[in-house]
Amino acid sequence: MPLPAPLARVLDAVQRGAPTRVHQAPAVRWLSVPQLVRTAFDVLQASSFAKYADKRETMATNPREFYRLPAAGAEPRDVVFVDYVADTGDGFDATFATARCLTGAASPEAGPDGRGPRADLLVFGGDEVYPVASALRYEERLNEVLRTASSLDGVTDLPPVMALPGNHDWYDGLASFRRNFCESWVQRDAPAGDGLVAVPRAEQRDDVGGWGAFQSRSYFAVQLSPRWWLWAVDSQLDAPIDAEQLSYFRDARRHLGDAKIILCTATPSWLEAERAGRGTYSADADSPLYTLLWFVDRVLGHTERHRIRLVLTGDQHHYARYTCTDPAPSPSGTEPFGPELVTCGGGGAFLASTHHLPERLSIALRPWPSGSGAKAGFARGTCYPDIATSRAIGRSRFLSAAWRNGPSLPLLVGVVDVALFLTFLLHWPFGWSRAWQFWVTTGIVAVLLGLYAASGADAVRPRRRRQWATGLLLTGHTLAHLVMAGAVAAMVAALVADPQRPPWYGYLLAMVLLVVLGIVVFVTYLHVADRFGCHTLEAFSGLRIEDWKSHLRLRVSADEVVVQVIGIEVTPSARHADDLLHLVPQPHVVETFRVPWCGGGG
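Bear in mind that the values here come from a model prediction, so they are computed numbers and not experimental data.

**Overview of the sheet that holds strand S17 (residues 560-568)**
Moving on, step 1. The eight strands are arranged S6-S7-S4-S3-S2-S16-S17-S18 in an open sheet whose pairing can be described as mixed. In this open sheet, the two edge strands, each paired with only one partner strand, are strand S6 (206-208) and strand S18 (588-596). Averaged over all adjacent pairs, the angle separating strand axes in this sheet is 30°, with direction ignored.
Moving on, step 2. Where S6 lies against strand S7 (residues 211-213), three bridges are found, and the strand directions are antiparallel.

**Observations concerning helix H2 (residues 33-50)**
Moving on, step 1. Taking 1.5 Å of rise per residue, 18 residues should cover 26 Å, and H2 covers 25 Å from first to last C-alpha, within 8% of that figure.
Moving on, step 2. Listed as buried for H2 are Gln 35, Thr 39, Ala 46 and Ala 50. End-on, the buried residues of H2 take up no more than an arc of 35°, which puts them together on one face. For H2, exposure combined with an orientation more than 90 degrees from the buried face picks out Val 37, Phe 41, Leu 44 and Phe 49.
Moving on, step 3. Buried positions along H2 lie against helix H6 (167-170).

**Here we look at the nonpolar core**
Moving on, step 1. Membership of the largest hydrophobic core comes to 106 residues, with the highest contact counts inside it found for Trp 231, Phe 249, Phe 295, Leu 552 and Leu 554.
Moving on, step 2. Sorting elements by how many residues they give to this core places helix H9 (residues 288-299) first, with seven residues.
Moving on, step 3. Every residue in contact with Phe 295, bar those within four places of it in the chain, is listed here: Trp 231, Val 233, Ile 241, Leu 246, Phe 249 and Leu 263.
Moving on, step 4. Of all hydrophobic cores here, the second largest spans 33 residues; its members include Ala 46, Val 85, Ala 133 and Cys 182.

**Concerning H9**
In an α-helix, one full turn covers 3.6 residues, which means residues spaced three or four apart are oriented alike.
Moving on, step 1. The terminal C-alpha atoms of H9 lie 17 Å apart, and with twelve residues this matches the ideal 16 Å at 1.5 Å per residue to within 8%.
Moving on, step 2. Summarising burial for H9: nine of the twelve residues are buried, a large majority.
Moving on, step 3. Tucked inside the fold, the buried residues of H9 contact strand S9 (228-232), helix H8 (243-253), strand S10 (260-264), strand S11 (308-313) and strand S14 (360-364).
Moving on, step 4. Just downstream of H9, Gly 301 is the residue with a positive phi angle, here 80°.

**Some remarks on a nonpolar patch on the surface**
Moving on, step 1. A cluster of nonpolar side chains, namely Leu 399, Trp 403, Trp 504, Tyr 505, Leu 508, Val 512, Val 516, Leu 517 and Val 520, defines an oily patch on the protein surface of about 950 Å² accessible area.
Moving on, step 2. Structurally, Tyr 505 is set in helix H14 (residues 504-531).

**Quick look at unusual backbone geometry**
Most peptide bonds take the trans configuration, and most residues that are not glycine carry a negative phi.
Moving on, step 1. Here the bond from Leu 69 into Pro 70 is cis, since omega is 5°, no more than 30 degrees from zero.
Moving on, step 2. Each neighbour pair has its own omega, and for Tyr 130 with Pro 131 the value is -5°, a cis peptide bond.
Moving on, step 3. Locating Pro 131 in the fold gives a position in the loop between strand S3 (121-124) and helix H5 (135-152).
Moving on, step 4. Here Asp 87, not a glycine, exhibits a phi torsion of approximately 60°, which is positive.
Moving on, step 5. With respect to the helices and strands, Asp 87 occurs in the loop between strand S2 (80-85) and helix H4 (92-103).
Moving on, step 6. In this structure Asp 87 comes out as buried when scored by relative accessible area, which is 1%.

**Observations concerning the environment of Ala 401**
Moving on, step 1. Locating Ala 401 in the fold gives a position in the loop between helix H10 (387-397) and helix H11 (408-425).
Moving on, step 2. With relative accessibility at 4%, the residue Ala 401 sits in the buried group.
Moving on, step 3. Separated by 123 residues in the primary sequence, Ala 401 and Thr 524 place their C-alpha atoms 9.5 Å from one another.
Moving on, step 4. Residues contacting Ala 401, with those up to four places away along its chain left out, are Val 523, Gly 542 and Leu 543.

**Observations concerning the sheet that holds strand S12 (residues 319-326)**
Each strand in a sheet pairs with its neighbour through backbone hydrogen bonds, running either in the same direction (parallel) or in the opposite one (antiparallel).
Moving on, step 1. Read across the open sheet, the ten strands follow the order S5-S1-S8-S9-S10-S11-S13-S12-S15-S14; overall the sheet is mixed. Only two strands of the sheet have a single partner each, and these edge strands are strand S5 (196-198) and S14. Mean inter-strand twist for the sheet, computed between neighbouring axes without regard to direction, equals 25°.
Moving on, step 2. Two strands pair when backbone bridges link them, and S11 and strand S13 (residues 340-344) are joined in this way by four bridges, in the parallel orientation. Bridging across to S13, Val 311 finds its partner in Leu 341.

**A closer look at the pairing of S9**
Moving on, step 1. With five of five residues buried, S9 lies mostly within the body of the structure.
Moving on, step 2. With five bridges joining them, strand S8 (residues 220-225) and S9 adopt antiparallel strand pairing. Of the residues in S9, the one forming a bridge with Val 222 is Leu 230.
Moving on, step 3. Adjacent in sequence and paired antiparallel, S8 and S9 are bridged by two residues.
Moving on, step 4. Across five bridges, the pairing between S9 and S10 is parallel. Within S10, the position partnered with Trp 228 by the bridge is Lys 260.
Moving on, step 5. With respect to chirality, the unit in which S9 leads through H8 into the neighbouring parallel S10 is right-handed.

**Quick word on the side chain of Glu 335**
Moving on, step 1. Locating Glu 335 in the fold gives a position in the loop between S12 and S13.
Moving on, step 2. Within the structure, the side chain of Glu 335 is placed 2.7 Å from the side chain of Lys 260, a separation counted as a polar contact.

**Overview of the packing of H4 against H5**
Moving on, step 1. Remark: H4 packs on H5, axes separated minimally by 9 Å, with the N-to-C direction vectors making an angle of 45°. Our classification of the angle between H4 and H5 gives oblique. Two packed elements cross with a definite hand, and for H4 against H5 that hand is right-handed. For the pair H4 and H5, the contacting residues are Phe 92, Thr 95, Phe 96, Ala 99, Arg 100 and Thr 103 in the first and Arg 141, Val 145, Leu 146, Thr 148, Ala 149, Ser 150 and Leu 152 in the second.
Moving on, step 2. A breakdown of the residues in the contact of H4 with H5 according to their chemical character gives seven nonpolar, four polar and two charged.

**As for the pattern of salt bridges**
Moving on, step 1. All told, the structure shown has 20 salt bridges when counted by the stated rule.
Moving on, step 2. Residues Glu 304 and Arg 253 are paired through a salt bridge, measuring 3.0 Å at the closest nitrogen-oxygen approach. Of this pair, Glu 304 sits in the loop between H9 and S11 while Arg 253 sits in helix H8, and the two are 51 residues apart along the sequence.
Moving on, step 3. The partner of Arg 321 in a salt bridge is Glu 591, and the shortest N-O contact between them spans 2.9 Å. Placement of the pair is Arg 321 in strand S12 and Glu 591 in strand S18, with a sequence separation of 270 residues.

Cut-offs and rules
Residues numbered from 1 in each chain as written. Predicted model: local features only at pLDDT ≥ 70, side-chain atom pairs only at ≥ 80, totals over all residues. Heavy atoms only, no water. Pairing = 2+ DSSP bridges. Helix = DSSP H or I, 4+ residues; strand = E, 2+ residues; numbered from the N terminus. Axes fitted to C-alpha atoms, helices over the stretch in contact; angles between N-to-C directions. Expected span 1.5 Å × (residues − 1). Buried < 20%, exposed > 50% of the residue type's maximum accessible area, 1.4 Å probe, protein only. Arc of directions from axis to C-beta. Contact = heavy atoms within 4.5 Å. Core = buried A, V, L, I, M, F, W, Y, C linked by side-chain atoms within 4.5 Å. Patch = residues over 30% accessible without salt bridge, like charges linked within 9 Å, V, L, I, M, F, W, Y side chains within 5 Å. Areas by Shrake-Rupley, 256 points an atom, 1.4 Å probe, with all protein chains shown as cover. Salt bridge = Lys/Arg side-chain N within 4 Å of Asp/Glu carboxyl O. Right-handed = clockwise from strand over helix to strand, strands pointing away. Polar contact = N/O pair within 3.5 Å; in protein donor to acceptor, adjacent residues only side chain to side chain. Parallel < 35°, antiparallel > 145°, perpendicular 65-115°, else oblique. Left-handed = near helix turned anticlockwise from the far one by under 90°. Nonpolar A, V, L, I, M, F, W, Y, C, P; charged D, E, K, R; others polar.

Dropping the structure here:
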């Protein structure tokens with residue numbers, strides 16, 4: 001199969017040393033109006049169909065495989081290394097910087113040759129491409145980026161890779177994800193039965209950007225060593241776990257022996273517990289946390305849930321760790337249940353803030369009516385970027401959202417402000433006899449801004465606080481636009497002889513001012529709302545920040561898992577082929593923590 005044309009140009013340029021322009025997908029403009037409309041349509045469509053046609057159930061016809069390291073033909077090792085990366089495939093620069101770390105070209109612990117060790121297994125933790133999955137986006141935003149890095153850094157043996165889908169992978173019904181990661185079994189003799197199989201040889205894996213995919217389903221269980229397993233659970237679009245997947249992991253449980261589990265999920269569902277404030281949170285029946293707790297109870301039961309020692313997820317584009325400070329005792333008198341909860345979604349997508357993460361969480365572990373009342377408490381540990389840096393980023397960069405998402409958003413805001421401006425100008429001087437025209441226009445604008453304010457305050461709990469937040473956001477935002485439009489109208493009225501019939505340049509001047517000032521008012525509103533815990537996603541996604549990337553390196557031995565958090569504070573910007581060779585990111589260790597095999601309860 002020929003190489004994609006953009007990659008061929010890159011490799012030709014590298015071999016010849018010519019400064020040829022490099023193809024690269026730009027970071028998604030998340031506040032672009034056309035992008036918002038397209039994404040909203042795809043999300044609505046995917047969510048509607050997913051309720052009635054769950055693709056996870058159709059994968060029951062695929063081979064049921066439980067994998068083990070090392071790969072077939074490889075020598076057994078006492079220590080296994082696993083790289084965990086989530087939320088890739090947004091902009092080229094950020095994903096490529098992470099890929100150079102995965103190939104060993106950039107490492108905080110480089111060897112004598114200047115390169116770091118490569119992992120025995122690469123795990124993608126969800127949201128491999130943005131904004132919506134498709135075969136073309138997988139090729140352009142993930143595979144091609146990885147392939148460029150692997151070609152430049154001499155990765156030729158298709159090291160094994162496994163992937164868990166996130167919500168963005170599900171927006172096309174999982175069709176492209178399955179094609180990219182879950183079809184290698186078609187070309188090899190998949191074993192029958194439920195026994196352990198070695199990771200297939202390199203020639204039996206599918207090429208995913210220089211790495212080798214081999215899984216048969218969107219969820220999987222792999223034995224990293226005799227005492228450690230890695231399970232990855234597919235929760236679709238925050239849907240209940242399907243029956244076939246429950247059966248799969250019930251069978252995987254039979255292979256555990258005395259092993260412990262590293263559990264991968266698609267979303268940090270434990271953050272729901274913030275809704276309870278200082279109390280203990282009991283998850284709603286349709287929430288992602290309830291689904292996770294239900295899965296653990298169904299597959300392991302409350303007597304063996306202590307096997308889960310570490311939970312990994314992405315979805316939130318930062319690093320954050322919660323340590324259990326109040327573990328739940330085991331009914332059988334064995335180890336208590338208190339896993340490390342880790343979010344690491346810094347593989348390549350826009351940076352998300354950390355300054356809204358709660359300091360403490362208290363979670364009811366069996367929130368259904370027949371539950372035991374057991375609970376566990378967690379405390380926030382290290383974040384990357386840290387809380388102070390996160391606040392400083394939002395404070396210093398919020399205005400950049402005004403121009404970093406294309407012209408559509410400023411124009412849309414400008415249209416709203418022009419309507420207010422004309423209400424003032426064409427009825428100048430403003431009197432009570434014409435007040436109804438002001439109130440009609442203002443009412444329409446207030447309804448639109450109110451709907452947007454309500455969407456931003458949706459995460460605020462309880463209900464009364466949410467209503468107050470919506471009211472304050474609506475009032476402040478509407479008044480800001482009214483004052484700005486009125487000021488521009490007063491300025492134009494002062495400059496022309498007849499305010500109701502201004503010359504064309506009066507309108508032109510007003511429209512330019514309204515577009516510029518209107519978008520400044522809007523992004524300022526997002527920044528202020530973010531300070532109060534509202535519109536937190538939009539406030540940072542619109543900044544399109546590609547720095548502060550992060551991923552994990554797990555060192556798995558018999559007695560413990562040592563987790564090294566690797567950060568890239570500044571993402572190099574690659575513009576030409578020679579940049580790809582010489583602009584190497586400078587990763588550093590954010591923190592290192594240990595997860596012992598024994599939880600200390602027995």
